[in-house]
Amino acid sequence: MPITLEKIPGEEERVILSMGPQHPSTHGVLRLVLELDGETVVRAIYDIGYLHTGFEKSFEDKTYSQGITLTDRMDYLSPLSNNLGFCLAVEKLLDLEIPPRAQWIRVLLTELTRIQSHLVWLGTHAIDLGAMSVLLYCFRERETILHIFEMVSGQRMMTSYFRVGGLALEPPLDWLKQVEKFVKTFPGHLEEYENLLSKNPIWLKRTVGIGKLSGDEAIAWGLSGPSLRGSGVDWDIRKKEPYSSYEKFDFKVPTRPEGDVYARYLVRMEEMRQSLRIVQQAMEGIPEGPIKANAPHIVLPDRESMKTSIEALIYHFKIVTEGFHPPVGEVYQVIEAPRGELGFYMVSDGSPKPFRCHVRAPSFANLQALPKMIEGRLIADVVACIGTIDIVLGEVDR
Amino acid sequence: MPSNLESNLALKKLREFAPQGIEEAREFRGEVTIYIPPEWLIRVSEFLRDEPRLAFKYLSDITALDLYPNEPRFEVVYHLLSLQNAERLRLKVRAGGDDPCVDSLVPVYPAANAFEREVFDLFGIQFAGHPYLRRILMPEDWEGYPLRKDYPTEGYR
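Residues numbered from 1 in each chain as written. Chains lettered and ligands numbered in written order. Predicted model: local features only at pLDDT ≥ 70, side-chain atom pairs only at ≥ 80, totals over all residues.

Chemist: Could you clarify how one ought to interpret the overall build of chain A in this entry?
Modeler: Looking only at helices and strands, chain A has 17 helices and eight strands in total. In summary, chain A has a C-alpha radius of gyration of 22 Å against a globular reference of 21 Å for 398 residues, a match within 12%. Projected onto its principal axes, the C-alpha positions of chain A cover 80 × 50 × 35 Å. Within the span of chain A, comprising 398 residues, buried residues form 52% of the whole. Relative to all contacts within chain A whose residues are 6 or more apart in sequence, the contacts with residues 24 or more apart total 69%. (Helix = DSSP H or I, 4+ residues; strand = E, 2+ residues; numbered from the N terminus. Rg over C-alpha atoms; globule rule 2.2 N^0.38 Å. Buried ≥ 20, exposed ≤ 12 C-beta atoms within 10 Å, placed from the backbone. Contact = placed C-beta atoms within 7 Å.)

Chemist: Sorry if this is basic, but what is going on with the interface of chain A and chain B here?
Modeler: By convention, interface size is frequently given as the accessible area that disappears when the constituent parts associate. Listed per partner, the contact involves 33 residues of chain A and 28 residues of chain B. Counting residues per element, the ones that place at least two in the side of chain A that touches chain B are helix H1 (55-59), helix H8 (215-220), strand E6 (329-337), strand E7 (340-348), strand E8 (356-360) and helix H14 (362-366) of chain A. Counted by class, the side of chain A that touches chain B contains 13 nonpolar, eight polar and 12 charged residues. (Nonpolar A, V, L, I, M, F, W, Y, C, P; charged D, E, K, R; others polar.)

Chemist: How should the sheet that holds E6(A) be read in this particular structure?
Modeler: Within a sheet, neighbouring strands are paired by backbone hydrogen bonds and run either parallel or antiparallel to one another. Residues and elements named next belong to chain A. In space, the three strands of this open sheet follow the order E6-E7-E8, with antiparallel pairing throughout. A strand with exactly one partner marks an edge of an open sheet, and here the two such strands are E6 and E8. Across this sheet, the average inter-strand angle for adjacent strands is 15 degrees, counted without regard to direction. Bridge count for E6 against E7 is nine bridges, and the pairing is antiparallel. Bridge pairing links Val 331 to Met 346 in E7. Seen against the sheet, helix H3 (residues 79-94) touches E6 and E7 and runs at an angle of roughly 150 degrees to E6. (Pairing = 2+ DSSP bridges. Axes fitted to C-alpha atoms, helices over the stretch in contact; angles between N-to-C directions.)

Chemist: Which parts of the structure should I look at to understand the sheet that holds strand E2 (residues 31-37) of chain A?
Modeler: All names here are of chain A. In spatial order, the strands read E1-E2-E3; together these three strands make up an open sheet with antiparallel pairing. For this open sheet the edge positions go to strand E1 (15-19) and strand E3 (40-47), each flanked by a neighbour on one side alone. Shown here is a sheet whose adjacent strand axes are inclined to one another by a mean of 20 degrees, direction ignored.

Chemist: Whenever I open this one, the packing of H3(A) against helix H4 (residues 100-128) of chain A confuses me. Can you help?
Modeler: Two quantities define a packed helix pair, namely the angle between the axes and the distance from one axis to the other. Residue and element names in this part refer to chain A. The interhelical angle for the contact between H3 and H4, taken along N-to-C directions, is 140 degrees, at an axis separation of 8 Å. By the criterion of interaxial angle, the relationship of H3 to H4 is oblique. Note on element contacts: H4 touches H3 through Arg 106, Leu 109, Thr 110 and Thr 113, opposite Leu 80, Ser 81 and Leu 84. (Parallel < 35°, antiparallel > 145°, perpendicular 65-115°, else oblique.)

Chemist: Help me understand unusual backbone geometry, please; the structure alone is not making it clear to me.
Modeler: Negative phi is the rule for most residues except glycine; trans is the rule for most peptide bonds. Looking along the chain, the bond that leaves Tyr68(B) and enters Pro69(B) is cis, with omega of 5 degrees. Here Pro69(B) is to be found in the loop between strand E3 (58-66) and strand E4 (74-82). For Asp95(A), which is not glycine, the phi dihedral falls at a positive 60 degrees. Looking at where Asp95(A) falls in the secondary structure, it is placed in the loop between H3 and H4. The exposure class of Asp95(A) is exposed, given the 11 C-beta atoms found within 10 Å. The phi dihedral of Ser245(A) is positive, around 65 degrees, even though this residue is not glycine.

Chemist: Hey, could you run me through the nonpolar core in this one?
Modeler: Inside soluble globular proteins, nonpolar side chains tend to come together where they are buried. If you look at the biggest cluster of nonpolar residues, it comprises 152 residues, and the most contacted ones within it are Val90(A), Met346(A), Leu370(A), Cys385(A), Val76(B) and Val119(B). When residues of this core are assigned to their parent elements, the largest contribution, 12 residues, is made by H4(A). (Core = buried A, V, L, I, M, F, W, Y, C linked by C-beta atoms within 7 Å.)

Chemist: Explain the pairing of strand E5 (residues 87-95) of chain B here, please?
Modeler: Moving residue by residue along a regular strand, the side chains alternate between the two faces of the sheet. All names here are of chain B. Both strand E2 (residues 31-36) and E5 contribute to a ladder of four bridges, which runs parallel. Within E5, the position partnered with Thr 33 by the bridge is Arg 90. Sheet topology note: the E4/E5 ladder contains nine bridges and is antiparallel. Of the residues in E5, the one forming a bridge with Glu 75 is Arg 94. Between E4 and E5, which pair antiparallel one after the other, the connecting turn spans four residues, and Ala 86 there sits at a positive phi close to 50 degrees.

Shown next as structure tokens:
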């Protein structure tokens with residue numbers, strides 16, 4: 001039996017509407033069950049699991065390095081953030097020091113990931129609310145970022161570029177030129193989007209005062225990321241619990257007190273600006289040096305040394321066939337992903353495969369606030385509220 | 001060695017509040033884990049949330065570990081966050097037997113709702129007092145609990 005809403009005894013019978021899982025504005029396969037009084041939503045409940053593929057079980061059957069490829073496929077709009085979270089968790093287990101050059105490149109690429117993830121959010125959110133053209137512009141800029149990803153990792157989306165101990169390979173020589181080009185042109189484009197939306201009366205009508213959540217409610221429901229900051233809570237993991245050298249970058253954390261769809265829109269727009277600032281700083285200050293940690297038993301040797309050094313060859317063989325053994329222990333590593341707090345809870349029993357790897361997916365937690373946001377509102381607002389919490393179902397269902 | 005354990009404010013306050021509410025405390029890579037007796041879970045989490053110096057108002061995550069074939073077999077893991085102090089704390093509750101069950105944290109943290117459903121779905125741990133304890137990721141008529149260690153990764157069950 002699929003999930004449905006039971007009738008409350010003593011109340012009049014109302015229409016039950018099943019919205020999704022195949023619905024263009026549910027951003028994937030989300031199913032909502034709505035009880036309607038005319039066009040007003042009285043009660044709502046969500047039904048997920050259509051994309052459940054058992055990533056957490058698969059992690060237990062793969063070595064730590066193999067696990068990275070799975071992380072791309074969870075939040076498929078921000079693969080590099082997932083790579084980073086996973087690698088940082090394993091590195092914390094191993095107590096591994098990452099060279100600054102690798103950290104800088106990681107920061108640069110995850111911030112680009114944030115921008116391209118927000119661009120997809122903006123485009124789809126706008127098209128849901130009837131502003132068609134924004135999507136086309138957003139995907140144009142996203143394409144340039146995906147080109148940069150393809151340059152460094154060979155893949156547009158399933159990058160798997162960050163590895164335990166550093167990066168997979170040295171980026172090509174002229175990649176920074178592409179980044180520079182993007183940094184130069186993007187502020188103008190961002191203005192273009194804001195001209196289309198920020199003062200647009202239809203946009204304002206559809207977003208201001210819709211899906212309101214107070215700061216306390218947002219905290220109680222476990223919201224994170226822009227959804228939390230849109231309710232006036234100043235919490236950004238990059239600032240409060242810095243990882244991967246974020247403390248060395250200068251950026252602001254935008255918050256808005258209103259807690260409605262429009263506030264979250266403004267927060268994300270400003271976040272793109274701030275991410276761009278970080279990208280610029282990272283680009284100008286990339287230090288020289290190695291891109292992999294000095295830990296031959298964990299990090300794969302480069303091709304050159306494999307052909308000249310017997311130790312490197314043996315290490316390579318050991319890492320590929322068996323994997324490395326982190327000490328027994330458990331860590332919970334969080335990062336500020338585009339959608340909020342992405343946590344990896346990694347438990348090691350000393351073997352080359354994780355004993356347990358749990359993913360705290362931001363979308364999964366953020367989705368809980370959806371029924372609260374839409375109850376008592378019109379059906380048309382449901383679409384606005386789904387868009388504003390910015391869920392990726394691949395990550396919700398894992 | 002356990003320097004963080006002695007200086008940890010939450011642990012100190014918790015010892016003052018209820019010494020019998022702590023079974024054990026551990027530290028690894030600077031992260032503090034406190035084992036709580038099952039009957040103390042609600043009271044301890046309420047205390048951690050409401051004590052003004054701690055303010056663990058944010059529930060980050062709930063998950064579980066299957067320590068099969070050990071008994072008690074399961075550990076339910078809670079990750080709390082204090083926005084005020086930028087501090088995290090891990091609570092653990094052991095659950096075992098044929099019908100593992102712990103108290104639901106939904107009355108304390110509304111966010112626990114979906115996380116507990118997920119743990120119930122994938123581990124088969126019951127949460128007493130949960131308002132809507134149903135499978136969330138797996139199909140409703142699924143047999144078995146996939147994240148248990150005696151559940152195979154591939155092939156037929």
